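Architecture at a glance
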Amino acid sequence: MLSIELVRNNPDAVREALERRGEHAPLDTIVSLDAERRSLLTELEGLRAERNRVSREMGRMSERPAEMVEEMRRTGDRIRGLEERVKETEAGLETELMALPNLPLPGVPDGADETANTVVSTWGTPRTYEFTPLPHWDLGEHLGIIDLSRGAKLSGSRFFTLSGAGARLQRALTAWMIDLHVQEHGYREVYVPYLVRRDTMYGSGNLPKFADNLYHDEEDDLWLIPTAEVPLTGFHRDEILEPGTLPLYYVSHTPSFRREKAAAGKDTRGIKRVHQFDKVELYKLVEPDSSGQELEKLLEDAKDVCRRLDIPYRVVRLCAGDMGFPSAESYDLEMWAPGCEEWLEVSSCSNCTDFQARRANIRFRPQAGARPQLVHTLNGSGLALPRVLIAIMETYQQSDGSISVPDVLRPYMGLDTITP
RNA sequence: GGAGGGGUGGCCGAGUGGACGAUGGCGCCUGUCUUGAAAACAGGUUUACCGAAAGGUGACGUGGGUUCGAAUCCCACCCCCUCCGCCA
């Protein structure tokens, strides 16, 4: 959520920033709702002050004059009427504000969609093969480690099962990535619920706008998380972090559930885009001054995973129009998959500035006794599993159809080669 | 799911219709004393909103209601604890 003070005081700057994202926001409505709210509040609070004063006076009297009681009853009615109007105005204002995405930071390039994104760096050289590298769906089938049709049998299209060395590879990767982030990058591992309340989804920015992309249990009003970012944003909701607590680095491994309504028909082969996938998520709560630098570090931590796996990757800087709703600045990390011959997005690292912190009410106290301020939050995958699985399988495939296990994973896998 | 108990400031805990944002204790901060520290003593110590300021308003789990006036009474919901049932 954007700060109402910012919208009130700099509507033109906000409008301009939102335009860069292709958002044509009803800022005039917001500004006038805000003005209305404040004028109603002034009136309401005046009446309440009057009522408090008279009530106190009456408490001291032995006899309460009937006309005084009568007048206060009328004041009470006016107060109730005003409270009703304030509530309506605030609800309207909140609805409008909740619908606005975060503002892109000044350095974020212009552009309407992904065609305006820029590749900022590339690492590694794609290998050359003496044979035509197969896509993972073929490799997975030959090796008997990915079974798409059984996934479909159980749950429908875009679900998959892994078995044998495939399941083991995913588990090895997960454990290795978590260990790397905990032991070398300073993150604290957390285990979180995969079903969350409505409020938690509002905090991260997934509700109310993106309900279509979420699975929802009607009976208990619980929502399946589309990323660990959701529960991690809720982790410190309504807290004031004491001086010396920040920065906080968390890593969490969870499944992610996505309805992929908007992507109907896209990427239907293999396990690139599925309704349920596992992910190791990196999450940070930091002081506002450091969030730019922390984003660079977060991105480094994600890149480190690619480098240690020895898989070529590139870093893409997202333009203003292609960023996620809560993000102010984002980089995507893409791994090269030689079988399907494409760059696979395995991580998206974002600085959400105070956008989620304001929604989730996460603050910190800079020094003892100082006023609480909103933290900045950042998130990024480190990394998304099925796509890394794809990249590993396709990159490390051998002419006989087997897959050589990357060195770093061998201790976790207990074998060097995946064969049928 | 059933029965019972409970949710008050950073923590503990008092308060059952009127001067209570809330006694007291602990913790923390500042000062006095001390070579320094501890102890003792004194003062301070929630948060949001409206307002240029003075000041005002709200918040005692949440939302409604009763009342001139609600932490306190009523209703609904949420959460926690204990026991029973079920269960990995």
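Residues numbered from 1 in each chain as written. Chains lettered and ligands numbered in written order. Predicted model: local features only at pLDDT ≥ 70, side-chain atom pairs only at ≥ 80, totals over all residues. Heavy atoms only, no water.

Quick notes on the protein's contact with RNA strand B
- Surveying the vicinity of RNA strand B reveals 24 residues, the closest of which are Arg60, Arg73, Lys87, Arg363 and Arg365.
- Here the atoms of RNA strand B within 4 Å of the protein split so that 72% fall in sugar or phosphate, with bases taking the remainder.
- Within the contact set of RNA strand B, a phosphate oxygen lies 3.5 Å away from a side-chain nitrogen or oxygen of Arg51.
- At a separation of 3.1 Å, a base nitrogen of RNA strand B approaches a polar side-chain atom of Arg60.
- Of all elements in the fold, only helix H3 (27–60) and helix H4 (66–98) reach the threshold of two or more residues within the surface near RNA strand B. (Near = heavy atom within 4 Å. Polar contact = N/O pair within 3.5 Å; in protein donor to acceptor, adjacent residues only side chain to side chain. Helix = DSSP H or I, 4+ residues; strand = E, 2+ residues; numbered from the N terminus.)

Some details on the confidence of the model for chain A
- Scored by pLDDT, chain A comes out at a mean of 94, with 100% of its residues at no less than 70.
- The complex model carries a pTM of 0.94, and its ipTM stands at 0.86. (pLDDT = per-residue confidence, 0-100.)

Quick notes on the pairing of strand S16 (residues 376–384)
- Burial analysis of S16 places nine of its nine residues in the buried class, which makes it a mostly covered element.
- Relative to S16, strand S10 (residues 276–286) runs antiparallel, the two being bridged by seven bridges. Its bridge partner being in S16, Val286 is matched across the sheet by His376.
- The sheet contact formed by strand S13 (residues 342–351) and S16 spans two bridges and is antiparallel. Across the sheet, Ser350 pairs through a bridge with Asn379, a residue of S16. (Buried < 20%, exposed > 50% of the residue type's maximum accessible area, 1.4 Å probe, protein only. Pairing = 2+ DSSP bridges.)

Details of the packing of helix H7 (residues 165–183) against helix H10 (residues 291–309)
- Two numbers describe how H7 lies on H10: the axes approach to 11 Å, and their chain directions differ by 130 degrees. With respect to H10, the axis of H7 lies oblique. Two packed elements cross with a definite hand, and for H7 against H10 that hand is right-handed. Residues Leu173, Trp176, Met177, Leu180 and His181 of H7 pack against Asp301, Asp304, Val305, Arg308 and Leu309 of H10.
- The class makeup of the residues in the contact of H7 with H10 is six nonpolar, one polar and three charged. (Axes fitted to C-alpha atoms, helices over the stretch in contact; angles between N-to-C directions. Parallel < 35°, antiparallel > 145°, perpendicular 65-115°, else oblique. Left-handed = near helix turned anticlockwise from the far one by under 90°. Contact = heavy atoms within 4.5 Å. Nonpolar A, V, L, I, M, F, W, Y, C, P; charged D, E, K, R; others polar.)

Some remarks on H7
- An ideal rise of 1.5 Å per residue puts 27 Å on 19 residues; H7 measures up with 26 Å between its terminal C-alpha atoms.
- All of the buried residues along H7 are Gly166, Leu169, Gln170, Ala172, Leu173, Thr174, Trp176, Met177, Ile178, Leu180 and His181. (Expected span 1.5 Å × (residues − 1).)

Some remarks on the nonpolar core
- Judged by nonpolar contacts, the single largest core of 57 residues is most densely connected at Leu173, Leu309, Met335, Leu383, Ile392 and Leu409.
- In this structure, Ala17, Ile30, Leu93 and Phe355 belong to the second largest nonpolar core, which totals 18 residues. (Core = buried A, V, L, I, M, F, W, Y, C linked by side-chain atoms within 4.5 Å.)

What to know about the state of the cysteines
- Per the counting criterion, the structure on display carries zero disulfides.
- Just so you know, Cys340 is unpaired, no disulfide at all, and the nearest cysteine sulfur is the one on Cys306, 15 Å from it.
- Sulfur of Cys349: no disulfide; nearest cysteine sulfur belongs to Cys306 and is 9.5 Å away.
- When its relative accessible area of 0% is taken as the criterion, Cys349 is described as buried. (Disulfide = S-S within 2.5 Å.)

Observations regarding the pattern of salt bridges
- Scanning the entire structure with this criterion turns up 32 salt bridges.
- Between Lys272 and Asp267 there is a salt bridge, and its shortest N-O distance comes to 3.3 Å.
- When its relative accessible area of 24% is taken as the criterion, Asp267 is described as partly exposed.
- Salt-bridge contacts for Arg317 lead to Glu329; the nearest nitrogen and oxygen are separated by 2.9 Å. One end of the pair, Arg317, is in strand S11 (residues 313–317); the other, Glu329, is in strand S12 (residues 329–337), and twelve residues separate them in sequence.
- The buried category is assigned to Arg317, whose relative accessible area is 14%.
- Beyond isolated ion pairs, a larger network of salt bridges with shared partners links Glu260, Asp267, Lys272, Arg273 and Glu342. (Salt bridge = Lys/Arg side-chain N within 4 Å of Asp/Glu carboxyl O.)

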